[in-house]
Amino acid sequence: MTRTRALVTNDDGIDSPGLAVLAEAASEAGLDVVIAAPEHQFSGASASITAVQEDGRTVVREVEGPSGLPAYAVRAAPAHIVVAGLQGWFDPAPDLVLSGINRGGNVGRAVLHSGTVGAALTAGLHDRRGLAVSLDVALGAEEDEHWEAVTGYLPRVLELLLDSPLGTTLSLNVPDRPVEEHRELRLAPLDPRGVVQTLVEDADGQGLLLREAETGERAEPDSDRALLAAGHPTLTALRGLCEDPDLLVPERLAHSARLTDERTHA
């Protein structure tokens, strides 16, 4: 029987300990794992498919993977890696994409900018299943991360993902605390914002100095951000870019469209 093949990637880079933890957990869950991740950190890449190329080829370097798993360092954004992996790089092509474990939570509508989430959503766009996994490490934290706190949730989340329709994308966020301090796993909607915001600290005519800061506004009750802060691991189903058929188009815009159509066919 052919095992389900999983491409494991991230946006923190090939040397991230979270990537190794996720890959090994996926392998222990019975998946056929191949690792391909950015050579260096590519946070904030969203679903960008940018890459460094030499002679028209994306630069790839084979590296030693954890537990002997096949692994590649790629000079490209995570979504670029996913597209390549699903569209001919690997034979057989992966059945699903696992992205993470990201060092920092990915919650709220700010996940639009996340390279971790962008990779998982790109899998969904290509009719595969995708899972983004993040550990809610606080901004500027210096203590050791609780990577092991994530692994206990992966078998049941993977089971749920594999039982879901093709194109399903899930996002799992786990508190950066010992697992005995976790509350129950909760399904959660997106908060209107996220955990971290980018601010312009200085603009002197020579460029912009940016810094990251925690979002100052209160989280929406029972949102993913609020539940995660309260110690709940959260699971959220995401949908990629699509039209909004319920949006009411202003009458003047609809009228303008009708006039344009009439002139085109006159």
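## Topic: the overall build of the chain
Within the chain one finds seven helices and 13 strands. The buried share of the chain, taken over its 266 residues, is 42%. Counting contacts in the chain only where the partners sit at least 6 residues apart, residues at least 24 apart contribute 74% of the total. A total of about 14800 Å² of accessible surface is found on the chain, and carbon and sulfur atoms cover 49% of it.

## Notes on helix α2 (residues 78-89)
Taking 1.5 Å per residue, twelve residues should reach 16 Å; α2 reaches only 14 Å between its end C-alpha atoms and comes up short. Residues of α2 that are buried include every one of P78, A79, H80, I81, V82, G85 and L86, and no others. Against the buried residues of α2 lie β1 (5-9), β2 (32-38), β4 (57-58), β6 (70-74), β7 (96-103) and α3 (115-125).

## A look at the pattern of salt bridges
Evaluated as defined, the whole model comprises eight salt bridges. Measuring nitrogen to oxygen at the nearest pair gives 3.8 Å for the salt bridge that ties D32 to R3. Placement of D32 in strand β2 and of R3 in the segment before β1 is noted, with a sequence separation of 29 residues between them. For R3, a relative accessible area of 48% translates into the label partly exposed. With a closest N to O distance of 3.6 Å, R75 and E39 form a salt bridge. Residue R75 is found in the loop between β6 and α2, and its partner E39 is found in the loop between β2 and β3 (53-54); the two are separated by 36 residues along the sequence. Shared partners join several salt bridges into a network, and the residues in it are E39, E54, R61 and R75.

## Digging into the sheet that holds β6
Ordered in space as β5-β6-β2-β1-β7-β8-β9-β13-β10, the nine strands form an open sheet in which the pairing is mixed. Every other strand in the sheet has two partners, leaving β5 (60-64) and β10 (186-187) as the edge strands with one partner each. By the bridge criterion, two bridges tie β10 to strand β13 (residues 234-238) in an arrangement that is parallel. Within β13, the position partnered with R186 by the bridge is T234. Its contacts with the sheet place α3 against β1, β7, β8 (129-136), β9 (169-175) and β13, and it is angled at close to 165 degrees to β8.

## Overview of the pairing of β9
Among the seven residues of β9, seven are classified as buried, and the element is accordingly described as predominantly covered. Residues T169, S171, N173 and P175 point to one face of β9 and L170, L172 and V174 to the other, with burial holding for every one of them. Summarising the sheet, β8 and β9 pair through seven bridges and their orientation is parallel. Within β9, the residue paired with L135 across the bridge is V174. Examined bridge by bridge, β9 and β13 share five bridges and lie antiparallel to one another.

## Here's the deal with the packing of aromatic side chains
Per the stated rule, a full pass over the model turns up three aromatic pairs. Seen from their ring centres, W89 and F90 are 4.3 Å apart, and the 20 degrees between their planes marks the pair as stacked. Under the relative-accessibility criterion, W89 is labelled partly exposed at 29%. One aromatic cluster is present, built from ring pairs that chain together Y72, W89 and F90.

Analysis parameters
- Residues numbered from 1 in each chain as written.
- Predicted model: local features only at pLDDT ≥ 70, side-chain atom pairs only at ≥ 80, totals over all residues.
- Heavy atoms only, no water.
- Helix = DSSP H or I, 4+ residues; strand = E, 2+ residues; numbered from the N terminus.
- Buried < 20%, exposed > 50% of the residue type's maximum accessible area, 1.4 Å probe, protein only.
- Contact = heavy atoms within 4.5 Å.
- Areas by Shrake-Rupley, 256 points an atom, 1.4 Å probe, with all protein chains shown as cover.
- Expected span 1.5 Å × (residues − 1).
- Salt bridge = Lys/Arg side-chain N within 4 Å of Asp/Glu carboxyl O.
- Pairing = 2+ DSSP bridges.
- Axes fitted to C-alpha atoms, helices over the stretch in contact; angles between N-to-C directions.
- Phe/Tyr/Trp six-rings, centres within 6.5 Å; stacked < 30°, edge-to-face > 60°.

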